[in-house]
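# Descriptive structure summary
Residues per chain, in single letters:
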Amino acid sequence: MRIVFLGPPGAGKGTQAALLSKKFSIPHVSSGDLLREAVTEKSAIGLKAKGYMDRGELVPDEIITRIIIDRISRGDAKTGFILDGFPRTERQAKTLDESLSKVSLSLDAVIYFETSKNVCVERLAGRRVCGKCGVNYHIKNMPPRKDGICDHCQGELYQRNDDKVDTIENRLTVYSQMTKPLIDYYKNGGLLKEVSGDLELEEAQRDLSDILREAQAA
Ligand code: AMP
């Protein structure tokens, strides 16, 4: 089952993908996480990507596309994957289609998280991430038991540079200009399914599980 999660930053794609990846036993492939790992490792790719990420801009298509294609070619993605945050441009979407079709594969569904702007801003501005294990929290909606400390590994929580208010605005603008057109791209390909990103975690999870089960049965 090969699935793409599409939607603005703050739509809840990452949180849902992490839960569903366990439920359906397929890897959660987050382009943002892979880039952040490269930044932490200070690899050549990470050094190139950092500035774009801090400004809330997209990293060049060639860089991210190579990372994702390599990742989904690995053994654990043979039975499928949930792509979260990729593709973000039409060029990325076309390259993904081409590279899957070279091995006689295709996407099964693209799930669009329709989300209001105020919900996205509120979620992003309140997000805190564990510096050690990467688990996400929200200061209001999903607070850790102890302020600033991860429940799972006792790591320290931090706010991502690109979750500061000025950068959030820029990310949402970039989304509208570069990524939103993919809704039509996938609608025309007959792959698009919609869920509301405004829903609470569990409600959205139920809708998504239904869609994924259908895709699995097809
Ligand atoms: P995310 O964690 O998905 O919000 O991504 C964080 C940042 O990584 C984005 O603001 C971009 O700078 C970069 N990024 C993630 N995915 C992509 C992509 N598919 N294309 C270009 N840049 C990306």
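One can find the structure itself at the top, above this paragraph.
So, here's what we can say about the structure.

### Some remarks on the site of the ligand
Taken together, 16 residues surround the ligand, and among them S31, E57, G85, R88 and Q92 come closest. Residue R36 places a side-chain N or O atom 3.0 Å away from an oxygen atom belonging to the ligand. Relative to its unbound accessible surface of 480 Å², the ligand loses 95% to contact with the protein. Considering each element in turn, the shell around the ligand owes the most residues, four residues, to helix α2 (residues 31-41). Here the residues of the shell around the ligand are counted per class, giving six nonpolar, four polar and six charged.

### Topic: a negative patch on the surface
A surface patch of negative charge is lined by E200, E202, E203 and D207. Note on placement: E200 falls in the loop between β8 (192-196) and α9 (201-217).

### Regarding the sheet that holds β8
Two orientations exist for strands paired in a sheet by backbone hydrogen bonds: parallel and antiparallel. Strand order in the open sheet formed by five strands is β2-β3-β1-β4-β8, and the pairing between neighbours is parallel. Every interior strand has two partners, whereas the edge strands, β2 (28-30) and β8, have only one. For this sheet, the mean inter-axis angle between neighbouring strands, taken without regard to orientation, is 25°. Strands β2 and β3 (81-84) of the sheet are contacted by α2, whose axis makes an angle of about 60° with β2.

### Quick word on the nonpolar core
Formed by 31 residues in total, the largest nonpolar core has its most connected members in F81, L83, L96, L107, V110 and Y186. Within the residue set of this core, elements represented by two or more residues are β1 (2-6), α2, α3 (44-55), α4 (61-72), β3, α5 (90-102), β4 (109-114) and α8 (182-188). Once residues lying within four places of it in the same chain are set aside, the contact partners of Y186 are L6, P87, A93, L96, L107, V110, L191 and L192.

### So, the packing of aromatic side chains
As enumerated under the stated definition, the model contains two aromatic pairs in all. Positioned above the aromatic ring of Y52, the side-chain terminus of R55 is 5.5 Å from the ring centre.

### Observations regarding the layout of surface pockets
Considering only enclosed or pocket space, the second largest pocket measures out at about 220 Å³ in volume. Considering the residues around the second largest pocket, the lining is formed by R2, I69, I72, S73, R74, A77, K78, F81, S99, L100, V103 and L105.

### Observations regarding helix α1 (residues 13-24)
For α1, built from twelve residues, the straight-helix expectation of 16 Å at 1.5 Å per residue is met to within 8% by its first-to-last C-alpha distance of 16 Å. Looking at the buried positions of α1, the neighbouring elements they touch are β1, β2, β3, β4 and α9.

### Focus: unusual backbone geometry
Cis geometry is adopted by the peptide bond preceding P87, which originates at F86 and carries an omega value of 0°. Among the structural elements, P87 can be located in the loop between β3 and α5. The residue S25 is not glycine, and still its phi comes out positive at about 50°. Topologically, S25 is positioned in the loop between α1 and β2. Given the relative accessible area of 59%, S25 is considered exposed. In this structure, K42 takes a positive phi of about 55° despite not being glycine. Along the chain, the position of K42 falls in the loop between α2 and α3.

### Re the state of the cysteines
Inspection of every chain in the model, using the stated rule, returns zero disulfides. C130 takes part in no disulfide bond, and the closest cysteine sulfur, belonging to C153, lies 3.5 Å away.

### Quick look at the pattern of salt bridges
Summed over all chains, the structure comprises 15 salt bridges. Between K140 and E122 there is a salt bridge, with the nearest N and O atoms lying 3.4 Å from each other. Here K140, found in the loop between β6 (136-138) and β7 (157-158), pairs with E122, found in helix α6 (residues 117-126); they are 18 residues apart in sequence, far enough to count as distant. Residue D163 pairs with R127 through a salt bridge whose shortest N-O separation is 2.8 Å.

Cut-offs used in this document
- Residues numbered from 1 in each chain as written.
- Predicted model: local features only at pLDDT ≥ 70, side-chain atom pairs only at ≥ 80, totals over all residues.
- Heavy atoms only, no water.
- Near = heavy atom within 4 Å.
- Polar contact = N/O pair within 3.5 Å; in protein donor to acceptor, adjacent residues only side chain to side chain.
- Areas by Shrake-Rupley, 256 points an atom, 1.4 Å probe, with all protein chains shown as cover.
- Helix = DSSP H or I, 4+ residues; strand = E, 2+ residues; numbered from the N terminus.
- Nonpolar A, V, L, I, M, F, W, Y, C, P; charged D, E, K, R; others polar.
- Patch = residues over 30% accessible without salt bridge, like charges linked within 9 Å, V, L, I, M, F, W, Y side chains within 5 Å.
- Salt bridge = Lys/Arg side-chain N within 4 Å of Asp/Glu carboxyl O.
- Lys, Arg positive; Asp, Glu negative; His and termini not counted.
- Charge placed at Lys NZ, Arg CZ, Asp CG, Glu CD.
- Pairing = 2+ DSSP bridges.
- Axes fitted to C-alpha atoms, helices over the stretch in contact; angles between N-to-C directions.
- Contact = heavy atoms within 4.5 Å.
- Core = buried A, V, L, I, M, F, W, Y, C linked by side-chain atoms within 4.5 Å.
- Buried < 20%, exposed > 50% of the residue type's maximum accessible area, 1.4 Å probe, protein only.
- Phe/Tyr/Trp six-rings, centres within 6.5 Å; stacked < 30°, edge-to-face > 60°.
- Lys NZ or Arg CZ within 6 Å of the ring centre and 35° of its normal.
- 1 Å grid on protein atoms, 1.4 Å probe; cavity = no way out; pocket = protein on both sides within 12 Å on 5 of 7 lines; lining within 4 Å.
- Points joined across faces, edges and corners; volume = space filled by probe spheres on them.
- Expected span 1.5 Å × (residues − 1).
- Disulfide = S-S within 2.5 Å.

Read these as spatial facts, not as claims about activity.
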